[in-house]
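Below are the chains, spelled out letter by letter.
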Protein chains: 2
Amino acid sequence: MMEGGIKFGYNEKGCQDFIRRIEGSRPIFVCVIATTETARIPGLSAAGAMPELTDYTPAADVELLFYGRCRCIEGVPVTPDGIPTPALITMSALRLSNIPYFVLNGGAKVLPKVPFFEVGGSPGKDIRSGCAVENSEEVYERSSIIGRQLSRAADYLVVGESIPGGTTTALAVLLAMGVDAKLKVSSSMPNNPHDLKLRVVEAAFESAGISYGSLERAPFKAISLVGDPMMPAAAGLIAGAAEEVPVIMAGGTQMCAVLKLLQSISPEVLGNLAIGTTRWILEDKTSDIRELVSKVAPVPLLAADLDFSASKYRGLRAYELGVAKEGVGAGGASIAAMLSSRGTITRASLLKDIEDSYSMLTDSASH
Amino acid sequence: MMEGGIKFGYNEKGCQDFIRRIEGSRPIFVCVIATTETARIPGLSAAGAMPELTDYTPAADVELLFYGRCRCIEGVPVTPDGIPTPALITMSALRLSNIPYFVLNGGAKVLPKVPFFEVGGSPGKDIRSGCAVENSEEVYERSSIIGRQLSRAADYLVVGESIPGGTTTALAVLLAMGVDAKLKVSSSMPNNPHDLKLRVVEAAFESAGISYGSLERAPFKAISLVGDPMMPAAAGLIAGAAEEVPVIMAGGTQMCAVLKLLQSISPEVLGNLAIGTTRWILEDKTSDIRELVSKVAPVPLLAADLDFSASKYRGLRAYELGVAKEGVGAGGASIAAMLSSRGTITRASLLKDIEDSYSMLTDSASH
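Notes on the structure follow. (Residues numbered from 1 in each chain as written. Chains lettered and ligands numbered in written order. Predicted model: local features only at pLDDT ≥ 70, side-chain atom pairs only at ≥ 80, totals over all residues. Heavy atoms only, no water.)

### Let's talk about the overall build of chain A
Where we set the bar: Under the scheme used here, helices are H or I runs from DSSP no shorter than 4 residues and strands are E runs no shorter than 2 residues, and both carry numbers assigned from the N terminus. When accessible area is computed with a 1.4 Å probe and restricted to protein chains, residues below 20% of their type maximum are described as buried, those above 50% as exposed, and intermediate ones as partly exposed. For this analysis, residues touch if any pair of their heavy atoms sits within 4.5 Å. Residue-level accessible areas treat just the shown protein chains as cover; the underlying method is Shrake-Rupley with a 1.4 Å probe. Note on charges: Lys and Arg go in the positive column, Asp and Glu in the negative column, and His and the chain ends are not counted at all. Charge positions are represented by NZ for Lys, CZ for Arg, CG for Asp and CD for Glu.
Counting secondary structure elements, chain A contains 14 helices and nine strands. By its C-alpha atoms, chain A is 50 × 45 × 35 Å across when sized along the principal axes. Going through the 367 residues of chain A one by one, you find that 66% of them count as buried. Nonlocal contacts in chain A, meaning residues at least 24 apart in sequence, comprise 79% of its contacts between residues at least 6 apart. Carbon and sulfur atoms provide 49% of the accessible area of chain A, an area that totals close to 12100 Å². Charge centroids of chain A, computed over 34 positive and 40 negative side chains, lie 2 Å from each other.

Written out as structure tokens, the structure is:
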């Protein structure tokens, strides 16, 4: 099932209802940025040309949104193969739709040269330490205040994330809370390194002294021991806003971990939530977001039906091969852009704008 | 002239027009916080029981807004005589009107335990060093991004400030830019220490190697040499928003310095600006905001016609004797609350709510 550029991934009736509620109304977009040293484990994340560069990716992503170029790095964040960040998609979606947007720093090692909300978070440690995130309850509380304030100024919120290594921490939190997410989290690489992720999670569980499901009722402990700093910030922001308005959780399988946290911390807001992602995540053979959502909570699962197969640029066509796929709220921002425009923003106009940015940015990078 | 709880201080026609534009529409309130070591000069500021405590005042003020109590200090910020912060007024105005609000950190030594926008500012130095504020252009630019984004989510903005010592730095910037502000800036004390302020400014000018009017066309240099970190943040925020929507500059004579900066940096936005303050500032015999506004730019000058003379509490009646008077956007927030409610929030209902908070907070402080 689909509707004007948006595919329904799970809970079709819920998807239709959710779209009816937000169509034509005015959202605010927030990107939560953070880093975790987990991303430096070789082979784990492609969100950066080299593991050491993943510290710069979240900052560079949001600089791109505000300035149309990055300031903390040359060019734009790319995978080891040179495939550009999905922030390009988000940038086009926000620009075309004129949706207001903000950044929330959950705990990023490299701070972006843009304004951002500060909530007292710190960069995350390698989860193999068994001691990954500081201060998660306070970060959740402060972020929920932002969500509450923004909900008074917007009809709905779209919450994205940028944190390299985030699917591994998502896997850890889901397993710790009793959701069988093995082989189901996605990856920014076509060859999803499931074995490596599981080995990292096993090492984390051993250090933390936990096991599958042992933290089912301890969401903040799950974050603190084996999660990442995006999680309490995004969960708080979403919970605070969803007390009053709908929220699109804009991301792939990482947002399933945030959904699980919310189901535990703030179940009364679940009726206001949907996950909004990309077709590349929905159709990914190496992961299973439908299964994850169905296991966690039956919220609507929407996917922007983006198609780069006919793009002039190899770097964009690569998305059809399973590179990058999602991030920086690309899918949710595209959905919001299409819905807010009542049809004037389409898959085609989005692709055109993304190609223009891509061309401009890769030109300027090669000079 | 006045209208439903709002006095017109200057440019009556402009005041009426401005009110017509914003009446019944939806604002967002932002409080810009910062500190300057200038506030530690004994006798200069009453925004803190002792000079050393002024570092805590901005943080405590905004904690009060979000939590209804302070977290970084016991009780609430008070003057040396125990008179409470005008944040009490702002808190009631925002609460009664349900206006969304945010904090922007221009550069505060003590960070509040609330979420806030970060723009890369640092705490200000004593202006007698002749080298008061770092990074003012970057802070202005990043703050203007926030203003631009917020202007897409609100019908208008209300921008307040909390920075002890701010009238002295305002005096310095106004004089450096050629506005004869001598004896015209206000004070949180009934006995405005004009002589002391002038001596401080003279020392600052000597260190900075500047003189009256010598920085008329160098607004960022005026901030950097003898200003404070609230200024570039508030000016940027206001300029960014006022490209699209009206902005109430919520403050007393400090906002005249910000207005002067904007007149120099971004004169095209002046038509979207008004100053919104309290009756206590408008009627203050020891300062002259009307004269300052008329010298700088003929923007509308509005004042919330608050009257605490019949209050049950000595701490509030003291406002009628010229203590505190304004701060944390108290006047502008009150104006916005009254206008947004189309008359259901009145001077009387505000005073009632302020008295309730005052009673609760002073009770809990004495336990």
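### Describing the pairing of strand β9 (residues 301-304) of chain B
Residue and element names in this part refer to chain B. To keep it simple, the criterion reads: DSSP calls a pair of strands paired once it identifies at least 2 bridges connecting them.
Alternating positions in β9 separate into two faces, L301 and A303 on one and L302 and A304 on the other, with burial throughout. Relative to β9, strand β2 (residues 6-10) is paired through four bridges, and the arrangement is antiparallel. Following the sheet pairing, F8 is matched in β9 by L302. Examined bridge by bridge, strand β8 (residues 273-278) and β9 share four bridges and lie parallel to one another.

### Observations concerning the relation of the copies chain B and chain A
Selection criterion: Copies overlap after least-squares fitting; the atoms used are the C-alpha atoms of residues with pLDDT of at least 70 in both.
Least-squares fitting of chain B to chain A yields an RMSD of 0.0 Å, with the transformation described by 0.0 Å of translation along the axis and a rotation of 180 degrees. What we have between these two chains is a two-fold relation. When each C-alpha of chain B is compared by its distance to the rotation axis, B:F117 comes out closest, at 2.2 Å. Looking at chain B, 100% of its interface residues are interface residues in chain A too, so the copies touch through the same face.

### Some details on unusual backbone geometry
Notably, A:R342 is not glycine yet its phi reads approximately 50 degrees, a positive angle. Examined against the element boundaries, A:R342 turns out to sit in the loop between α13 (330-340) and α14 (347-366). The class of A:R342 is exposed, set by a relative accessible area of 62%. At B:N11, a residue that is not glycine, the phi angle is positive and equals roughly 60 degrees.

### Considerations on the interface of chain B and chain A
Interface size, as often reported, equals the accessible area lost upon joining of the parts. Just so we agree on the cut-off: Buried area is understood as the total, over both parts, of accessible area removed when two parts are fitted together, assessed with a 1.4 Å probe. Here, a salt bridge means any Lys or Arg side-chain nitrogen found within 4 Å of an Asp or Glu carboxyl oxygen. For the purposes of these results, a polar contact is taken to be a pair of N or O atoms within 3.5 Å, where, inside protein, one atom must be able to donate a hydrogen and its partner to accept one; residues adjacent in sequence count only when each atom of the pair is a side-chain atom.
Each side of the interface is counted separately: chain B has 26 residues, and chain A has 26 residues. Both sides of the chain B and chain A interface together cover about 2300 Å² of buried area, and 61% of this is carbon and sulfur. In terms of surface lost to chain A, no three residues of chain B exceed B:P115, B:Q149 and B:R152, which account for 24% of the buried area on that side. Linking chain B with chain A are two salt bridges, by the criterion used here. As a salt-bridge pair, B:E138 and A:R71 come within 3.2 Å of each other at their nearest N and O atoms. Where chain B packs against chain A, one counts eight residue pairs in polar contact (both at pLDDT 80 or more). Elements with a contribution of two residues or more to the side of chain B that touches chain A: α2 (57-67), β4 (101-107), β5 (116-118) and α4 (136-151) of chain B.

### Concerning the environment of B:R26
Its location among the elements puts B:R26 in the loop between α1 (12-22) and β3 (27-34). B:R26 sits 293 residues away from B:Y319 along the chain, and the two C-alpha atoms are 29 Å apart.

### A closer look at the pattern of salt bridges
Should the charged atoms of two oppositely charged side chains come close, the side chains can pair. Enumeration over the complete set of coordinates arrives at 36 salt bridges over all chains. A salt bridge links A:E291 to A:K295; the nearest nitrogen and oxygen atoms lie 3.4 Å apart. Here the residue A:E291 and the residue A:K295 both occupy positions in helix α11 (residues 289-296), the gap between them amounting to four residues, near one helical turn. For A:K295, a relative accessible area of 38% corresponds to the partly exposed category. In this structure, B:R279 and B:E320 form a salt bridge, with 2.9 Å as the shortest nitrogen-oxygen distance. Placement of the pair is B:R279 in helix α10 (residues 279-282) and B:E320 in the loop between α12 (314-317) and α13 (330-340), with a sequence separation of 41 residues. For B:E320, a relative accessible area of 26% corresponds to the partly exposed category. Look at the salt bridges and you will find they share partners, linking A:K7, A:R279, A:E283, A:D305, A:D307, A:E320 and A:R347 into a network.

### A closer look at the packing of α4(B) against helix α7 (residues 219-226) of chain B
For clarity, the cut-off: Fitted lines through C-alpha atoms give the axes, limited to the stretch in contact for helices. The angle between two N-to-C directions lies from 0 to 180 degrees.
Between α4(B) and α7(B), the shortest axis-to-axis distance is 9 Å and the interhelical angle comes to 115 degrees. From α4(B), B:S136, B:E137 and B:Y140 reach across to α7(B), where they touch B:F220, B:I223 and B:S224.

### Quick word on helix α1 (residues 12-22) of chain A
An α-helix turns once every 3.6 residues. As a result, residues three or four positions apart point the same way. All names here are of chain A. Keep this limit in mind: For this quantity, the arc is that covered by the directions from the helix axis to the C-beta atoms.
Within the span of α1, buried status applies to G14, C15, F18, I19 and I22. End-on view of α1: buried residues confined to an arc of 130 degrees, all on one side of the axis. Of the residues trailing α1, G24 is marked for its positive phi of about 75 degrees.

### Topic: the pairing of strand β8 (residues 273-278) of chain A
Look at any regular strand and the pattern is simple: side chains alternate between the two faces of the sheet. All names here are of chain A. Note the cut-off: Classification remark: right-handed applies to a crossover when, strands pointing away from the viewer, the course from the first strand over the helix to the second runs clockwise.
Within β8, six of the six residues are buried, which leaves the element mostly enclosed by the surrounding structure. Neither face of β8 is left uncovered, since the one carrying L273, I275 and T277 and the one carrying A274, G276 and T278 both have all their residues buried. The pairing of strand β7 (residues 247-250) with β8 spans four bridges and is classified as parallel. From the neighbouring strand, M249 faces β8, where its bridge partner is I275. Between β7 and its parallel partner β8, the chain crosses via helix α9 (residues 254-265), and the hand of that crossover is right-handed.

### Description of the side chain of A:Q149
Looking at where A:Q149 falls in the secondary structure, it is placed in helix α4 (residues 136-151). A:Q149 gets classed as buried once you look at its relative accessible area, which sits at 5%. When sequence neighbours within four positions are dropped, the list of residues in contact with A:Q149 reads B:F66, B:I99, B:P100, B:Y101 and B:F102.

### As for the nonpolar core
Operational definition: Among buried residues, the Ala, Val, Leu, Ile, Met, Phe, Trp, Tyr and Cys ones that are joined through side-chain atoms within 4.5 Å form a nonpolar core.
Counting 162 residues, the largest nonpolar core has A:V226, A:L273, A:I275, B:V226, B:L273 and B:I275 as its most contacted members. In this view, B:I275 contacts B:M249, B:G251, B:M255, B:C256, B:L259, B:I289, B:V293, B:V299, B:P300, B:L301 and B:L302; residues no more than four positions away in its chain are not counted.

### Side note on a nonpolar patch on the surface
The condition that has to hold: Within this analysis, patches are made of residues with over 30% relative accessible area and no salt bridge. Like charges are joined at 9 Å or less; nonpolar side chains (Val, Leu, Ile, Met, Phe, Trp, Tyr) at 5 Å or less.
On the surface, A:M50, A:L53 and A:Y56 cluster together into a nonpolar patch covering about 250 Å² of accessible area. One can find A:L53 in the loop between β3 (27-34) and α2 (57-67).

### Regarding α2(B)
Residues and elements named next belong to chain B. In terms of burial, α2 is largely enclosed, as 10 of its 11 residues are buried. Within α2, burial applies to T57, P58, A59, A60, D61, V62, E63, L64, L65 and F66. Just downstream of α2 lies G68, where phi reads positive at about 70 degrees.

### Quick word on the side chain of B:R279
By relative accessible area, B:R279 is classed as buried at 10%. The contact partners of B:R279, leaving out residues within four places of it in the chain, are B:K7, B:A303, B:A304, B:D305, B:L306, B:D307 and B:E320.

### Some words on the packing of aromatic side chains
Our working definition: For this analysis, a ring pair means two rings from Phe, Tyr or Trp (six-membered ring only for Trp) whose centres lie within 6.5 Å, classed as stacked if their planes differ by under 30 degrees, edge-to-face if by over 60, and tilted for the remaining angles. Sitting over a ring, as applied to charges here, requires NZ of Lys or CZ of Arg to be within 6 Å of the ring centre and within 35 degrees of the ring normal.
Throughout the structure, instances matching the rule amount to 17 aromatic pairs over all chains. By way of ring pairs, the aromatic residues A:F102, A:F117, B:F102 and B:F117 are connected into one cluster. Here the guanidinium or amino end of A:R71 rests over the ring plane of A:Y67, the centre of that ring lying 5.3 Å away.

### Focus on the environment of A:R21
All names here are of chain A. Note on placement: R21 falls in helix α1. Using a relative accessible area of 44% as the deciding quantity, one classes R21 as partly exposed. For R21, the side chain forms a polar contact with the side chain of N272, separated by 2.4 Å.

Everything listed is a geometric property; what it means functionally is a separate question.
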